[in-house]
Amino acid sequence: MSVNLNRLVGRIAIVTASTDGIGFAIAQRLAREGAKVIVSSRKEKNVAEATKKLTSEGLNVSGLVCHVGKKEDRQKLFEEAKKLGGLDILVSNAAVNPEVGFVLDCPESSWDKIFDTNVKASFMLAKEALPLLRESKAGRIIFVSSIAGFQPFSLLGAYSVSKTSLLGLVKAAAVQLAPENITVNSICPGIIETKFSNFLTKDEGAKEAGLSQIPMGRFGKPHDVSGSAAFLASDDGSYVTGENIVVAGGMQSRL
Ligand code: NAP
């Protein structure tokens, strides 16, 4: 997909979990619109491959290993941003789902892992990014939540609740930061074809059930989501805050 916008020239962005899937597409889109982007994920090899792919497209991208649950890794992201000149855009995209099952069947250890990665790390990243975002003229925090945060998937019980928590974090943090002109929003993808959703999009039975919930009749692609991130990050999104934007082909999305 070609993009002819230069809305993010001069902006610096961190995108977590951005070596594959939705995070990669967001990093690529922000960079294509002119931002300097720091990509990251847990595995060195994935970081090297993603960085190479993006820089070979002529994009201004640097890569770092960052497990979002590790404070020292998160600090490295902010150090890199400082080296590049500051931070304008934080996209908190990492999530895990170690458990398939009903919410109250979730073992405590999996619940803790889900909430540590999906909720606490997003909260910590936002908190730790603030000193740099406060120096920006256009500070943006974008969380990646999920349609499951609105309408829980019954077999992704705990994961769905973690994504609902992010909807609340957006509302609370947006009000706190609005006077400082820093916007806080989330994007809530529907079912998007990535490794994460293989079990929904590749298994024949699950696929049919999933598609029946999507009025547009198709699963999304990562690039269906990335444009919304670029919009929120840009000046076009400067008066949008506290919103949880659903990008889900018409799937039901009410709390
Ligand atoms: P994906 O294609 O499986 O990609 C996952 C990425 O996250 C990889 O780059 C992986 O790289 C990295 N990662 C995983 N755990 C990490 C951690 N603890 N710290 C840092 N990086 C980590 O996943 P995706 O489908 O794009 O999902 C991205 C986000 O979209 C998640 O928040 C997910 O909940 C949300 N979402 C996805 C869908 C969907 O249908 N796909 C729908 C709604 C919401 P490494 O292995 O190198 O760490």
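Anyway, here's the lowdown on the structure attached to this text. These numbers were taken from a predicted model, which means no experiment stands behind them.

**Let's talk about the overall build of the protein**
In terms of regular secondary structure, the protein is built from 8 helices and 7 strands. Relative to the 2.2 N^0.38 estimate, which gives 18 Å for 255 residues, the radius of gyration of the protein is 17 Å and therefore close to what a compact globule would have. Projected onto its principal axes, the C-alpha coordinates of the protein cover approximately 50 × 35 × 35 Å. A burial count over the protein gives 53% of its 255 residues as buried. Partitioning the intrachain contacts of the protein with sequence separation of at least 6 by distance along the chain shows that 72% fall at a separation of at least 24. For the protein, the exposed area adds up to about 12000 Å²; of that, 54% sits on carbon and sulfur atoms.

**Focus on the site of the ligand**
Close contacts around the ligand come from 29 residues, with Ser41, Arg42, Asn93, Tyr159 and Thr194 the closest. Contact distances for the ligand include 2.8 Å between an oxygen atom and a side-chain N or O atom of Asn46. Considered on its own, the ligand offers 900 Å² of accessible surface; in the complex 93% of this is hidden by protein. Broken down by secondary-structure element, the contributors of at least two residues to the shell around the ligand are α1 (21-32) and α5 (157-177).

**Some remarks on helix α3 (residues 71-84)**
With 14 residues, α3 should cover 20 Å at 1.5 Å per step; its first-to-last C-alpha distance of 20 Å lies within 8% of that length. Of the surrounding elements, those touching the buried residues of α3 are β1 (12-15), β2 (36-41), β3 (61-65) and α4 (108-133). Among the residues trailing α3, Gly85 stands out with phi positive, at a value near 125 degrees.

**Remarks on the packing of aromatic side chains**
This structure, assessed with the given rule, holds 2 aromatic pairs. Summarising the aromatic geometry, the rings of Trp111 and Phe115 are spaced 4.4 Å apart at their centres and angled 20 degrees between planes, so their arrangement reads as stacked. One end of the pair, Trp111, and the other, Phe115, are both in helix α4, 4 residues apart, so they sit about a helical turn from each other. When its relative accessible area of 31% is taken as the criterion, Trp111 is described as partly exposed.

**A few points about the nonpolar core**
Ile26, Leu30, Val37, Ile89 and Val91 are the most contacted members of the largest nonpolar core, which has 28 residues in total. If you tally residues by element for this core, the top one is α1, at 6 residues. Ignoring anything within four residues of it in the chain, the contact list for Ile26 reads Val15, Val91, Val144, Ser226 and Ala229. Among the nonpolar cores identified, the runner-up in size contains 26 residues, and Ala121, Leu125, Phe143 and Val184 belong to it.

**Quick look at the side chain of Asn185**
Considering the arrangement of structural elements, one finds Asn185 in strand β6 (residues 183-189). With a relative accessible area of 0%, Asn185 lands in the buried category. Setting aside anything within four residues of it in sequence, one finds Asn185 in contact with Ile141, Ile142, Phe143, Val170, Leu232, Val240, Thr241, Gly242 and Glu243.

**Observations regarding the packing of α3 against α4**
The interhelical angle for the contact between α3 and α4, taken along N-to-C directions, is 30 degrees, at an axis separation of 11 Å. When the interaxial angle is binned, α3 and α4 end up roughly parallel. At the point where α3 passes α4, the crossing takes the right-handed sense. Facing Lys71, Arg74, Gln75, Leu77, Phe78, Ala81 and Lys82 of α3, the residues of α4 in contact are Met124, Leu125, Glu128, Ala129 and Leu132.

**Structural notes on the packing of α4 against α5**
In a packed pair of helices, the relevant descriptors are the angle between the two axes and the axis-to-axis distance. Two numbers describe how α4 lies on α5: the axes approach to 9 Å, and their chain directions differ by 15 degrees. It follows from the interaxial angle that α4 and α5 lie roughly parallel. Where α4 crosses over α5, the two elements pack in a sense that is right-handed. On the side of α4, the interface is formed by Trp111, Ile114, Phe115, Asn118, Val119, Ser122, Phe123 and Leu130, while α5 contributes Ala158, Tyr159, Val161, Ser162, Ser165, Leu166, Leu169 and Leu177. A class-by-class count of the residues in the contact of α4 with α5 yields 12 nonpolar, 4 polar and no charged.

**A word on the pairing of strand β4 (residues 89-92)**
Side chains of β4 alternate between two faces, with Ile89 and Val91 and Leu90 and Ser92 buried alike. Bridging between β1 and β4 involves 3 bridges; their strand directions are parallel. Of the residues in β4, the one forming a bridge with Ala13 is Ile89. Examined bridge by bridge, β4 and strand β5 (residues 140-144) share 4 bridges and lie parallel to one another. Across the sheet, the residue bridging to Leu90 is Ile141, located in β5.

Reading guide: rules and limits
- Residues numbered from 1 in each chain as written.
- Predicted model: local features only at pLDDT ≥ 70, side-chain atom pairs only at ≥ 80, totals over all residues.
- Heavy atoms only, no water.
- Helix = DSSP H or I, 4+ residues; strand = E, 2+ residues; numbered from the N terminus.
- Rg over C-alpha atoms; globule rule 2.2 N^0.38 Å.
- Buried < 20%, exposed > 50% of the residue type's maximum accessible area, 1.4 Å probe, protein only.
- Contact = heavy atoms within 4.5 Å.
- Areas by Shrake-Rupley, 256 points an atom, 1.4 Å probe, with all protein chains shown as cover.
- Near = heavy atom within 4 Å.
- Polar contact = N/O pair within 3.5 Å; in protein donor to acceptor, adjacent residues only side chain to side chain.
- Expected span 1.5 Å × (residues − 1).
- Phe/Tyr/Trp six-rings, centres within 6.5 Å; stacked < 30°, edge-to-face > 60°.
- Core = buried A, V, L, I, M, F, W, Y, C linked by side-chain atoms within 4.5 Å.
- Axes fitted to C-alpha atoms, helices over the stretch in contact; angles between N-to-C directions.
- Parallel < 35°, antiparallel > 145°, perpendicular 65-115°, else oblique.
- Left-handed = near helix turned anticlockwise from the far one by under 90°.
- Nonpolar A, V, L, I, M, F, W, Y, C, P; charged D, E, K, R; others polar.
- Pairing = 2+ DSSP bridges.

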